Structures are given as structure tokens and as C-alpha cells.
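Structure assessment
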Amino acid sequence: MEIKKKLLDLVRDKIRFKHYSYSTERTYIHWIKYYIVFHNKKHPIEMGKVEIESFLTFLATKKRVSPTTQNKGTAFAKQNVSLENQAFSAILFLYKEVLGIDMSEVLNLRIKDIDFGFDKIYVWDSKSLKDRTIPLPQKLKQQLVVQVELVSNIHKQDLKNGYGSVYMPYALEKKYPNAKKETPWQFLFPMKNISSDPRTKVKRRHHLHPATLGRNIKTASKKANLNKRVTSHIFRHSYATHLLQAGIDLRSIQELLGHKSVETTMIYTHVVSEMNKAKLVSPLDF
């Protein structure tokens, strides 16, 4: 397990670089080791969503006894959820901060995720590991139709040039070995050029780089004369805030955002409340 040892050293280095507490370091190392051993010591770069889900499901359904307590009832249930959250946070840190594998929702969209017939977009939420659907904006529908056609043509050319394969999560690649060259699995927003996959060295067209997305958003915000900080994460908050202002109920917003708990969604009620206060005027201006 020499690879595993080096990987954990990288995890420790990244944790200490970010000045996380020692208890966090111990917790993250524990869950990452557990995750790797659970999958028969397979390297994390060969795993993805399916493996993460199976591990967390195991914790939720099989691992009922904690090594630190034998409590039962509500307190035990809360602790069990806490353990799952710790495990997920550790694994997310491993992929994003150590392995550099971004789990951004929009970048991971593939052609198959756009349902023009039912006006739905299927999204895998990296924060909750749950698949969900959101409404397809009608104002963007035609642009997305054009984008799908563009990507399809690019893919055809890539196939002619001897390329055309796309990154697939390890388990899915094993289950559907031919899917990586099929049009539905191509990324909706691909890179301009073919590049070598850092994990397998296979030359393929990956999705748009997160840094490129960030630069594009920054450029667009300047053109729109938005004199404030704008990021993809802020778009997510804006999406929720506008839904709440439009009178959409909290449960529906919770499902659209993929929040595990409605309490997380309720944060936006405070935001809207503050915005409403901003509309108040001084009596002197009546």
C-alpha cells in the first residue's frame, strides 16, 4: 500500500496547509482510510460517485454501533447522521483539495442530462450525493438545443480523428464499457482542445476547466456592469433567494437545491427578510 501511504501524507500536508485542527486531521484521515479499505484498497482516482454512495450507504444502514458510545434512540440517530457527514466531508476534501477532482454541478452536466421533452435537467449534487431534477429554463432552451448540436458535431469529428472517449466514473466504465464513446455521455460544456487525462494518460476531451468558468463569469459580470463579486456559488444563492421571493415553498426549494435538511434552506428566509428591511424608508421620506 505504498500509494495509499503517500496519498495520506498528501492529505495531511493539505490539512496542515489550511490550518485545520488536529482533531479534524485525525477525523479526515480515519474516514479516508476507511473509505479506501472498504473498497478493497482501490485508489480513489479509480472511484467516483457510485463508490462514495455505496460507502455512505453502508455507514447509514450497516454501521449502527459507534466505537465511542452505545447510546440509543434520538441521540444515537443524530450521532449516526453526524458520522455520515464527517465521512462525506472527509471524502469531499480528498477529491477536491488533494486529488484536484472538481465536483462542480454545471461542469459535470452531460448531454443525456438535458431532457427537452419534459423540460428537465438532471443534476448530480456533489454536496448531498443525490440525483435531482430542476426545471429547464425556457429562456435558455433553444440555446441548449444549439449547444447539444454543437457538442454532437465536435464528438463526431473527435471520433473520426481517433479520439471521442469521455471520462466515466470507474464503476460505470466497467459496467458500460462502450458508453464513453457514445454521444449522450459527452460533457455538455467541453474543453476546446483534446488533453491527456491526468489519471489514465488517455487523450480525450474533458469538461470545461473550473478556472475557465470562473473567468467567463467574471467577464460577463463586468459586461453587465455588476459592481459586485459574482461567482457560480453566488448564482446558487441567488437562485434560491429569487424562488423564495416568488413565493415557492421551502420544501420545494430544498429539493431543487439538494439540501439534506430544510433547516439549511431556511437560511434564505433570513436573507429575504434582510432584503425586505432594505426596502424600508425613513419617515422623513414619506
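Just above, that's the structure.
Residues numbered from 1 in each chain as written. Predicted model: local features only at pLDDT ≥ 70, side-chain atom pairs only at ≥ 80, totals over all residues. Heavy atoms only, no water.

1. As for the overall build of the chain
Across its full length, the chain holds 11 helices and five strands. The burial tally for the chain puts 35% of its 286 residues in the buried class. When contacts within the chain are restricted to residue pairs at least 6 apart in sequence, those whose partners lie at least 24 apart make up 53%. Accessible surface, the chain as shown: approximately 18,100 Å² in total, 57% of it carbon and sulfur. (Helix = DSSP H or I, 4+ residues; strand = E, 2+ residues; numbered from the N terminus. Buried < 20%, exposed > 50% of the residue type's maximum accessible area, 1.4 Å probe, protein only. Contact = heavy atoms within 4.5 Å. Areas by Shrake-Rupley, 256 points an atom, 1.4 Å probe, with all protein chains shown as cover.)

2. So, the environment of valine 262
If you trace the backbone, valine 262 turns up in helix H10 (residues 262-265). Sequence separation between valine 262 and arginine 251 is 11 residues; the distance between their C-alpha atoms is 6.7 Å. When neighbours within four sequence positions are excluded, valine 262 is seen to be in contact with Leu250, Arg251 and Gln254.

3. Brief notes about the pattern of salt bridges
The final tally for this structure, using the stated rule, is six salt bridges. Between arginine 205 and aspartate 158 there is a salt bridge, and its shortest N-O distance comes to 2.7 Å. With arginine 205 in the loop between strand S5 (203-204) and helix H7 (210-223) and aspartate 158 in helix H5 (residues 138-160), this pair connects stretches of sequence that are 47 residues apart. Summarising the burial analysis for this pair, arginine 205 and aspartate 158 share the class buried. (Salt bridge = Lys/Arg side-chain N within 4 Å of Asp/Glu carboxyl O.)

4. Let's talk about empty space enclosed by the protein
In total, this model carries one cavity of 30 Å³ or more according to the counting rule given. Taken as a whole, the largest cavity spans an internal volume of roughly 40 Å³. Lining the largest cavity, in full, are Val151, Ile154, His155, Asp158, Gln186, Phe187, Pro190 and Arg205. The class makeup of the residues in the lining of the largest cavity is four nonpolar, two polar and two charged. (1 Å grid on protein atoms, 1.4 Å probe; cavity = no way out; pocket = protein on both sides within 12 Å on 5 of 7 lines; lining within 4 Å. Points joined across faces, edges and corners; volume = space filled by probe spheres on them. Nonpolar A, V, L, I, M, F, W, Y, C, P; charged D, E, K, R; others polar.)

5. Comments concerning the packing of helix H8 (residues 232-245) against helix H9 (residues 250-257)
Between two packed helices, what matters for the description is the angle formed by their axes and the separation of those axes. At a closest axis distance of 10 Å, the pairing of H8 and H9 adopts a crossing angle of 160°. Here H8 is positioned roughly antiparallel relative to H9, judged by the angle of their axes. For H8 against H9, the interelement crossing comes out right-handed. Within the contact between the two elements, H8 uses Arg236, Tyr239, Ala240, Leu243 and Leu244 and H9 uses Leu250, Ile253, Leu256 and Leu257. Tallied by class, the residues present in the contact of H8 with H9 amount to eight nonpolar, no polar and one charged. (Axes fitted to C-alpha atoms, helices over the stretch in contact; angles between N-to-C directions. Parallel < 35°, antiparallel > 145°, perpendicular 65-115°, else oblique. Left-handed = near helix turned anticlockwise from the far one by under 90°.)

6. Regarding unusual backbone geometry
Non-glycine residue lysine 41 carries a positive phi angle of around 65°. As for its position among the elements, lysine 41 is in the loop between helix H2 (22-38) and helix H3 (49-61). You will see that aspartate 119, though not glycine, has its phi angle at about 55°, which is positive. Position of aspartate 119 among the secondary structure elements: in the loop between strand S1 (114-115) and strand S2 (120-125).

7. Description of the side chain of histidine 207
Relative to the helices and strands, histidine 207 is located in the loop between S5 and H7. Taking the relative accessible area as the measure of exposure, histidine 207 reaches 5% and is therefore buried. Residues contacting histidine 207, with those up to four places away along its chain left out, are Leu107, Asn108, Phe187, Phe189, Pro190 and Met191.

8. Observations concerning the environment of phenylalanine 93
You can see phenylalanine 93 is positioned in helix H4 (residues 73-98). What makes phenylalanine 93 buried here is its relative accessible area of 5%. Sequence separation of phenylalanine 93 and isoleucine 32 is 61 residues, and the distance between their C-alpha atoms is 9.4 Å. Contacts of phenylalanine 93, omitting those with residues within four sequence positions, involve Val11, Lys14, Ile15, Lys18, Tyr20, Tyr28 and Val98.

9. Considering the packing of aromatic side chains
Going through the model one piece at a time under the given rule, you end up with 10 aromatic pairs. Between tyrosine 20 and tyrosine 28, the ring centres sit 6.5 Å apart and the planes meet at 85°, which makes this aromatic pair edge-to-face. Taking 5.8 Å as the distance between ring centres and 5° as the angle between the ring planes, the aromatic pair formed by tryptophan 31 and tyrosine 34 counts as stacked. A residue pair is termed a helical-turn pair when its members lie 3 or 4 positions apart in one helix, as tryptophan 31 and tyrosine 34 do in helix H2 at three residues. (Phe/Tyr/Trp six-rings, centres within 6.5 Å; stacked < 30°, edge-to-face > 60°.)

10. Some details on H2
Spacing of three or four residues puts side chains on the same side of an α-helix, whose turn is 3.6 residues. Here H2 is 17 residues long and its end C-alpha atoms lie 24 Å apart, about the 24 Å a rise of 1.5 Å per residue gives. Buried residues of H2: Glu25, Tyr28, Ile29, Trp31, Ile32, Tyr35 and Ile36, and no others. Just downstream of H2, asparagine 40 is the residue with a positive phi angle, here 55°. (Expected span 1.5 Å × (residues − 1).)

11. Some words on H8
Under the 1.5 Å per step criterion, the end-to-end length of H8 is 20 Å for 14 residues, consistent within 8% with the ideal 20 Å. Restricting attention to buried positions, one finds in H8 the residues Arg236, Ala240, Thr241, Leu243 and Leu244. Across the axial projection of H8, the buried residues extend over an arc of 160°, all falling on one side. (Arc of directions from axis to C-beta.)

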